[in-house]
Amino acid sequence: MLDFNPNDIAVPNGHFIDGTLVAGNGDTLPVRRPSDNQVYADLPIASAEVVDRAVMSAQRTFRTTSWASGAPRERARILRRWADLIEANGVELAQLEALGSTRPVKDVIAVDIPYSADCIRFFAEYADKLGGEVAATRSDHLGLVIAEPYGVVAAIAPWNFPITQATTKIGPALAAGNAVVLKPSEMTPFSMLRLAELAIEAGMPPGIFNIVQGTGAVTGDALCRHPAVGKISFTGSTRTGAAIMAASAESGVKPLTLELGGKSPQLVFADVPDLDKVARSVANSILGNAGQVCVAGSRLIVQRGAEAELVDRIAALARAVRPGPTWSSDTSYAPIISTPQLDRIDGIVRRTIGEGGEAVIGGRRLAAIQDGAFYEPTILARVSSDMEAVREEIFGPVLTVQAFDDEEEGVSLAAHPVYGLAAGVHTGDISKALRAVRAIKAGTVWVNRYGRTTDYVIPTGGYNSSGIGKDLGRQAVEANLRFKSVLIDFAG
Ligand code: NAD
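On a predicted model such as this, the values are computed, not experimentally measured, just so you know. For every chain, the first residue of its written sequence is number 1, and the numbers climb from 1 along that sequence. This being a predicted model, a pLDDT of at least 70 is required before a residue's local features are given, and a value of 80 or more before pairs of side-chain atoms are given or counted; all residues contribute to the totals for chains, interfaces and linings. The side-chain numbers reported here are obtained from all heavy atoms of the structure, hydrogens and water having been left aside.

## Regarding the sheet that holds strand S5 (residues 132-135)
Keep this limit in mind: For two strands to be treated as a pair, DSSP must find no fewer than two bridges joining them. Here a strand is any run of E in DSSP of at least two residues, a helix any run of H or I of at least four, and the numbering for each starts at the N terminus. Lines fitted to the C-alpha atoms define the axes, with helices restricted to the stretch that makes contact. Angles between their N-to-C directions range from 0 to 180 degrees.
The strand order S5-S6-S22 describes an open sheet built from three strands, whose pairing is antiparallel. One side of each edge strand has no neighbouring strand; the edge strands of this open sheet are S5 and strand S22 (481-489). Neighbour to neighbour, the strand axes of the sheet diverge by 15° on average, direction disregarded. Pairing between S5 and strand S6 (residues 141-149): four bridges, direction antiparallel. If you follow Glu133 over to S6, its bridge partner there is Val145.

Here you go:
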């Protein structure tokens with residue numbers, strides 16, 4: 001049984017600097033469990049002074065230990081040991097993660113922990129593979145392009161998959177030889193502290209991976225503006241990404257990787273050979289983590305003829321979800337992260353129905369489970385592209401449905417004026433699929449499937465306001481390196 005009593009869990013708290021937990025000494029923030037809305041801890045908010053301590057510790061360790069200057073394979077060995085320890089402590093980590101987030105414990109154990117450990121292993125393998133290159137130049141010159149780490153990378157993570165989102169950012173930064181200061185989301189701050197302790201156990205030099213806790217406005221902003229930060233790696237909303245760009249510009253023009261919001265379409269043609277498979281794909285993409293997924297396939301664009309049958313099958317899958325607290329192994333449907341976010345989802349749905357939209361299923365809060373924040377799986381039909389539910393990233397279990405007649409209309413409906421994170425295309429015709437792949441302006445297009453896999457080698461990142469740069473893949477390691485050009489004249 002994976003079930004646990006949330007009140008039995010010892011929650012580590014504080015910042016993590018120089019290899020140890022550091023208690024806060026200023027303002028705090030109450031942290032609630034989404035499953036039952038109970039406050040279970042008070043989070044210290046790192047002031048600019050605490051942030052400075054963490055960044056300077058990271059810089060000192062980067063400069064004085066062999067993390068960056070020693071043999072890269074030693075760094076890789078430590079990262080692999082860290083991954084092994086994460087798996088070995090999987091149940092403890094999963095309980096901590098499930099306790100305060102929207103992630104059901106069963107999913108954390110089956111997916112999030114192995115995904116995170118393997119993600120670190122994947123990046124560890126790059127530690128000694130991207131040293132730079134010899135440039136083609138005249139034969140009495142030697143041209144070198146030398147890859148070097150930035151020094152201190154600031155990583156800022158969202159709440160929706162706390163461990164996996166953080167390890168996705170930390171893995172490539174550390175493998176490239178940087179030190180990292182992480183600020184987790186203030187809504188899901190604790191599980192990463194245990195991972196940081198395990199990094200020390202794995203042999204990582206204390207100070208190479210520090211954590212500061214707190215709000216975006218105080219702690220996150222101070223971290224991004226710190227002069228010793230060489231690069232910022234951010235995952236979160238487009239609005240925060242823009243604020244971080246401004247902070248970076250005002251404090252030293254730091255390079256950024258931004259993984260931002262989305263409003264991704266699932267374009268389904270009537271010629272799909274297996275409508276059940278498509279229904280599962282669409283349902284999973286909007287019901288997983290109750291739609292609180294950056295790449296949620298939240299806009300179904302379906303060819304008339306397949307529309308009624310497909311919506312029926314998705315609705316049947318949506319009715320079968322089992323909402324419940326994240327600490328119950330029976331739960332298959334996550335709570336919403338907070339009551340304000342629940343209100344926001346409901347507000348968008350209400351206003352869209354007010355504008356003429358129709359709730360095929362759902363459209364309401366779910367009867368409270370132990371005061372938790374739950375929203376019914378919702379399908380909205382009779383919507384148009386200018387309606388709020390189709391335009392805005394809802395970050396909840398709300399699927400809008402728009403029908404089209406021909407390919408041109410389908411591709412045009414799939415376009416979004418702001419976002420371009422991901423898209424799904426479902427068809428039995430490979431030429432049609434490839435035309436859609438070319439036409440859709442998004443960082444990732446999945447064909448006849450939907451969602452990220454453990455193919456870490458495939459980079460992820462958005463077009464347009466969905467982001468800048470890539471996480472995952474070789475590109476993520478390169479994004480944590482800078483390249484020094486050297487030209488040597490040895491003609492004599
Ligand atoms: P958010 O932007 O509210 O917060 C993300 C992080 O930024 C938090 O740690 C927060 O404290 C911090 N922050 C807030 N203001 C800041 C500031 N001024 N300076 C520095 N840091 C600041 O996002 P969220 O609600 O935690 O996450 C949901 C959003 O994240 C959605 O828009 C979702 O699409 C996006 N997301 C994107 C991806 C991706 O891969 N593209 C993955 C997961 C989530």
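## Structural notes on the packing of helix H6 (residues 162-175) against helix H7 (residues 191-202)
Heads up, the condition is: Geometric relationships in this document are graded by angle, where less than 35 degrees denotes roughly parallel, more than 145 denotes roughly antiparallel, 65 to 115 denotes roughly perpendicular, and other angles denote oblique. Crossing chirality is assigned from the near helix's rotation relative to the far helix, an anticlockwise turn below a right angle marking it left-handed and a clockwise turn marking it right-handed. Contacts are assigned to residue pairs that have any heavy atoms within 4.5 Å of one another. Gly is placed with the polar residues, together with every amino acid not listed as nonpolar (Ala, Val, Leu, Ile, Met, Phe, Trp, Tyr, Cys and Pro) or charged (Asp, Glu, Lys and Arg).
Packing of H6 against H7 leaves a shortest axis separation of 9 Å and a crossing angle of 45°. Taken together, the axis directions place H6 and H7 in an arrangement best described as oblique. In terms of crossing hand, the pair formed by H6 and H7 is right-handed. Contacts from Pro162, Ile163, Ala166, Thr167 and Ile170 in H6 reach Ser191, Met192 and Leu195 in H7. The class makeup of the residues in the contact of H6 with H7 is six nonpolar, two polar and no charged.

## What about the site of the ligand?
Selection rule: When we say a residue is near a molecule or strand, we mean one of its heavy atoms is within 4 Å of it. Polar contacts, as counted here, are pairs of nitrogen or oxygen atoms within 3.5 Å of one another; within protein the pair requires one atom able to donate a hydrogen and one able to accept it, and residues that are adjacent in sequence qualify only if both atoms are side-chain atoms. Each accessible area is a Shrake-Rupley estimate made with a 1.4 Å probe; only the visible protein chains count as cover when residues are assessed.
In the vicinity of the ligand there are 27 residues, among which Glu186, Ser237, Thr240, Leu260 and Glu393 approach most closely. Trp159 places a side-chain nitrogen or oxygen 2.8 Å from an oxygen atom of the ligand. The separation between an oxygen atom of the ligand and a polar main-chain atom of Gly216 is 3.3 Å. Look at the ligand: alone it shows 850 Å² of surface, and the protein chains cover 88% of it. In terms of residues, the shell around the ligand owes the most to one element, helix H8 (residues 216-225), which gives three residues. Of the residues belonging to the shell around the ligand, the class tally is eleven nonpolar, ten polar and six charged.

## Brief notes about the pairing of strand S3 (residues 28-32)
In this sheet, strand S4 (residues 39-44) lies alongside S3 in antiparallel orientation, the contact comprising five bridges. When the bridges of S4 are listed, Leu29 appears paired with Leu43. Counted along the chain from S3 to the antiparallel partner S4, the turn is six residues long, and its residue Asn37 has a positive phi close to 65°.

## Points about unusual backbone geometry
How we decide: Per-residue accessibility, obtained with a 1.4 Å probe over protein chains only, is compared with the maximum for each type, and a residue is labelled buried under 20%, exposed over 50%, and partly exposed between these values.
The phi dihedral of Ala290 falls on the positive side, at around 50°, and the residue is not glycine. Even without being a glycine, Asn464 presents a positive backbone phi close to 50°. In this structure, Asn464 sits in strand S20 (residues 463-464). The class of Asn464 is partly exposed, set by a relative accessible area of 49%.

## Things to note about the pattern of salt bridges
Any two side chains of opposite charge can pair if their charged atoms end up close together. This is how it is decided: One side-chain nitrogen of Lys or Arg within 4 Å of one carboxyl oxygen of Asp or Glu is enough to make a salt bridge.
Per the stated rule, a full pass over the model turns up 31 salt bridges. As a salt-bridge pair, Asp346 and Arg365 come within 3.0 Å of each other at their nearest N and O atoms. In this pair, Asp346 is assigned in helix H12 (residues 339-354) and Arg365 in the loop between strand S14 (358-361) and strand S15 (378-381), connecting sequence segments 19 residues apart. Since its relative accessible area comes to 38%, Arg365 is described here as partly exposed.

## Concerning the nonpolar core
Most often, soluble globular proteins keep nonpolar side chains buried together rather than apart. Our working definition: Take the buried residues of types Ala, Val, Leu, Ile, Met, Phe, Trp, Tyr and Cys, join any two whose side-chain atoms come within 4.5 Å, and each joined set is a nonpolar core.
Counting 91 residues, the largest nonpolar core has Trp82, Met204 and Phe209 as its most contacted members. The element that contributes the greatest number of residues to this core is helix H5 (residues 105-124), accounting for ten residues. The residues contacting Phe209, other than those within four sequence positions of it, are Phe16, Trp82, Ile170, Val180, Leu182, Met192, Ala196, Ala199 and Met204. If you look at the next biggest cluster of nonpolar residues, it comprises 48 residues, including Val311, Ile336, Tyr375 and Val390.

## Considering the sheet that holds strand S16 (residues 398-404)
Read across the sheet, seven strands follow the order S14-S15-S16-S13-S12-S18-S19 without closing on themselves; strand pairing throughout is mixed. Because the sheet does not close on itself, it has two edges, and the strands there are S14 and strand S19 (444-447). Strand after strand, the sheet turns through a mean of 25° between neighbouring axes, direction not considered. With four bridges joining them, strand S12 (residues 265-268) and strand S13 (residues 299-303) adopt parallel strand pairing.

## As for helix H3 (residues 72-88)
For the record, the criterion: What a helix is expected to span follows from its residue count: subtract one and scale by 1.5 Å.
For H3, which comprises 17 residues, the first-to-last C-alpha distance of 24 Å matches the rise-based estimate of 24 Å (1.5 Å per residue) to within 8%. Among the residues of H3, Arg75, Ala76, Ile78, Leu79, Trp82, Ala83, Leu85 and Ile86 are the ones counted as buried. Residues of H3 that are buried make contact with helix H2 (66-69), helix H4 (90-100), H5, H6, H7 and strand S9 (209-211).

## Let's talk about the confidence of the model for the protein
Interpretation of this model should avoid reading the predicted coordinates in detail wherever pLDDT is low. Quick reminder of the rule: What pLDDT reports is the predictor's confidence in each residue, on a scale of 0 through 100.
Residues with a pLDDT of 70 or more make up 100% of the protein, whose mean pLDDT is 97. Within the protein, strand S8 (residues 179-183) carries the highest mean pLDDT (99), whereas S5 carries the lowest (96).

## Notes on the packing of aromatic side chains
Let me state the cut-off plainly: Here is the rule: rings of Phe, Tyr and Trp (six-membered ring for Trp) pair when centre to centre is within 6.5 Å. Planes less than 30 degrees apart are stacked, more than 60 are edge-to-face, and the remainder are tilted.
Per the counting criterion, the structure on display carries nine aromatic pairs. With centroids separated by 5.7 Å and ring planes inclined at 80°, the aromatic side chains of Tyr40 and Phe190 adopt a geometry described as edge-to-face. Pair noted here: Tyr40 is in strand S4 and Phe190 is in the loop between S8 and H7, with a separation of 150 residues, a long-range link. Phe190 sits in the buried class, given a relative accessible area of 2%. With a centroid separation of 5.7 Å and 35° between ring planes, the pair formed by Phe122 and Tyr456 is classed as tilted. One end of the pair, Phe122, is in helix H5; the other, Tyr456, is in the loop between S19 and S20, and 334 residues separate them in sequence. In this structure, Phe122 and Tyr456 share a single accessibility class: buried. Clustering of aromatic rings is evident, with ring pairs tying together Tyr115, Phe122, Phe123, Tyr126 and Tyr456.

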